Amino acid sequence: MKNFGAQPLIFPMPVLILGTYDKNGKPNAMNAAWGGTVEADQICISLSSHATTDNIEVTKAFTVAFGTADTVVPCDYVGIVSAGKEPDKMQKAGFTTRKSEFVNAPVINELPVTLECELLRIDGDASKDEFHYIGKIVNVVADDKVLDDKGNIDIMKLRPICYDPSNHGYHVIGEKVGQAFSDGKKLC
């Protein structure tokens, strides 16, 4: 066994792309790996100060889309380039947007599944520049191309990527190995 100390080694860690509008209505996107659902209708994203966090504080809304195997390069790009330093960040990433029908935030057309969220609150420690943005999921929008024949999101069609914090790689989610809320019944 090897001890790694206190590190954020959670597997899989989803690649989440946050979409926001600035005070002038210009869309922005940011790659954020530290996030997940905290209630049936809530998501929490852990962030330090960024243009995205400034935008969320102004608009009280954001979208969360999933990076996919087909969008690795632009998803990584929006994580390493600041909108404060690159005014054409979205265009350079090749991302186009449309306004969410439910919140004041952009939906990125190239990312097939998006959670549309209203800001509920911000928790954190300003002295450490560490904040948790808690959002209420008011809608999930999915492109028809990632739906199965029953109209549900098909993870194999979506091909979401996850971040490997140990080796700094992106990996696609793969094969199904079991059925949730069913396989464990074999031991009952």
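Quick look at the structure, then.

Parameters at a glance
- Residues numbered from 1 in each chain as written.
- Predicted model: local features only at pLDDT ≥ 70, side-chain atom pairs only at ≥ 80, totals over all residues.
- Heavy atoms only, no water.
- Helix = DSSP H or I, 4+ residues; strand = E, 2+ residues; numbered from the N terminus.
- Buried < 20%, exposed > 50% of the residue type's maximum accessible area, 1.4 Å probe, protein only.
- Contact = heavy atoms within 4.5 Å.
- Areas by Shrake-Rupley, 256 points an atom, 1.4 Å probe, with all protein chains shown as cover.
- Lys, Arg positive; Asp, Glu negative; His and termini not counted.
- Charge placed at Lys NZ, Arg CZ, Asp CG, Glu CD.
- Arc of directions from axis to C-beta.
- Pairing = 2+ DSSP bridges.
- Axes fitted to C-alpha atoms, helices over the stretch in contact; angles between N-to-C directions.

Description of the overall build of the chain
A tally of regular secondary structure across the chain gives four helices and 12 strands. If one aligns the C-alpha atoms of the chain with their principal axes, the spans along those axes are about 55 × 45 × 30 Å. The buried share of the chain, taken over its 188 residues, is 37%. In the chain, of all internal contacts separated by at least 6 residues, the share reaching a separation of at least 24 is 56%. When the accessible surface of the chain is summed, it comes to about 11,200 Å², and 53% of that surface belongs to carbon and sulfur atoms. Taken as two groups, the 19 positive and 25 negative side-chain charges of the chain have centres that lie 1 Å from each other.

A few points about helix α1 (residues 51-59)
Of all the positions in α1, only Thr52, Thr53, Asn55, Ile56 and Thr59 are classed as buried. Buried residues of α1, seen end-on, are gathered within an arc of 155° and therefore sit on one face of the element. If you follow the buried residues of α1, they end up packed against β2 (16-21), β3 (27-32), β5 (42-47), β6 (61-66), β9 (113-125) and β10 (130-142). Positive phi appears at Lys60, one or two residues downstream of α1, with a value of about 60°.

A word on the sheet that holds β2
One open sheet holds the seven strands; their spatial order is β3-β2-β6-β9-β10-β5-β4, and the pairing between them is antiparallel. Where the open sheet ends on each side, the last strands, each with one partner, are β3 and β4 (35-39). Geometrically, the sheet is characterised by an average inter-axis angle of 35° between neighbouring strands, direction not taken into account. Note that β5 and β10 share six bridges and pair antiparallel. Note on β10: the bridge partner recorded for Gln42 is Lys136.

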